[in-house]
Amino acid sequence: FFAITGDHLIIGFVSVISYQILEASRTPSQQPKRGSKKVRRSDSHKDMSPARSTERNCDGASEQKWDSSVSLELLRSLQQKFASERNWDQHHLPRSLALALVGEVGELCECFQWKKDCGATPGLPSWNQEERIHLGEEMSDVLLYLIRLADRCEVDLSKAVLAKIEKNGKKYPASLVKGSSAKYTAYQQE
């Protein structure tokens, strides 16, 4: 949990929201039993390790499935509630959130800094559990700021992302781009 102040910017909800999302997404069988010890924050990361599937995709990484019970709407509503309870909506202006998002992307990139290409292959086989947990936290920060920004801009991110995927499918038709990393302008037909 952290706070940055200046230009009326107070941002500190990301870590707590990540924890609340994890807790809210637990199935009834994963919930602590009555009278049992409460789950500590540090224990909440234990199931963040990659899936242990034996199936591999074309680049050698294991295929994994994400928890389908966690939706963009759940994340949006949890963040909105968190900010409202602290009267932080006044500080969560689009500009401030966009700048905070850029900072979090920088922190995410630091996870890969100095790793060399062989240290960042799909599946991250050379990474230890602590590095994976840290990576997941930084990815979560980026996602949460993006969702909060979309909410404050009144952009339905669920609809926007589906429209963007469809648009990208038209910009990069598989029949023309398969195996290539060239920009879409290389494939445009006049």
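What you see is a predicted model; the values in this text were computed from it and never measured. (Residues numbered from 1 in each chain as written. Predicted model: local features only at pLDDT ≥ 70, side-chain atom pairs only at ≥ 80, totals over all residues. Heavy atoms only, no water.)

What to know about a nonpolar patch on the surface
Here is step 1: Taken together, the side chains of Val161, Leu162 and Ile165 make up a nonpolar region of the molecular surface, amounting to roughly 290 Å² of accessible area.
Here is step 2: Along the polypeptide, Leu162 turns up in helix 5 (residues 157–171).
Here is step 3: The class of Leu162 is exposed, set by a relative accessible area of 58%. (Patch = residues over 30% accessible without salt bridge, like charges linked within 9 Å, V, L, I, M, F, W, Y side chains within 5 Å. Areas by Shrake-Rupley, 256 points an atom, 1.4 Å probe, with all protein chains shown as cover. Salt bridge = Lys/Arg side-chain N within 4 Å of Asp/Glu carboxyl O. Helix = DSSP H or I, 4+ residues; strand = E, 2+ residues; numbered from the N terminus. Buried < 20%, exposed > 50% of the residue type's maximum accessible area, 1.4 Å probe, protein only.)

What about the layout of surface pockets?
Here is step 1: Empty space within the second largest pocket amounts to approximately 150 Å³.
Here is step 2: Leu72, Glu73, Arg76, Ile147, Ala150, Asp151, Glu154, Val155, Asp156, Leu157 and Ser158 are the residues that line the second largest pocket.
Here is step 3: Put simply, the parts of the chain that give the lining of the second largest pocket at least two residues each are helix 2 (72–85), helix 4 (129–152) and helix 5. (1 Å grid on protein atoms, 1.4 Å probe; cavity = no way out; pocket = protein on both sides within 12 Å on 5 of 7 lines; lining within 4 Å. Points joined across faces, edges and corners; volume = space filled by probe spheres on them.)

Observations regarding the packing of helix 2 against helix 4
Here is step 1: Between helix 2 and helix 4, the least distance of the axes is 9 Å, while the angle of their chain directions is 80°. Between helix 2 and helix 4, the crossing angle belongs to the class labelled roughly perpendicular. From helix 2, Leu72, Leu75, Arg76, Gln79, Gln80 and Ala83 reach across to helix 4, where they touch Leu143, Leu144, Tyr145, Ile147, Arg148 and Asp151.
Here is step 2: A class-by-class count of the residues in the contact of helix 2 with helix 4 yields seven nonpolar, two polar and three charged. (Axes fitted to C-alpha atoms, helices over the stretch in contact; angles between N-to-C directions. Parallel < 35°, antiparallel > 145°, perpendicular 65-115°, else oblique. Contact = heavy atoms within 4.5 Å. Nonpolar A, V, L, I, M, F, W, Y, C, P; charged D, E, K, R; others polar.)

A word on the nonpolar core
Here is step 1: Judged by nonpolar contacts, Leu97, Ala100, Leu101, Leu108, Cys111, Leu124, Trp127, Leu135, Val142, Tyr145 and Leu149 together constitute the single largest core of 11 residues.
Here is step 2: Of all the secondary structure elements, the ones that give two or more residues to this core are helix 3 (94–110) and helix 4.
Here is step 3: Apart from the residues within four sequence positions on either side, Leu108 is in contact with Leu135, Glu138, Met139 and Val142. (Core = buried A, V, L, I, M, F, W, Y, C linked by side-chain atoms within 4.5 Å.)

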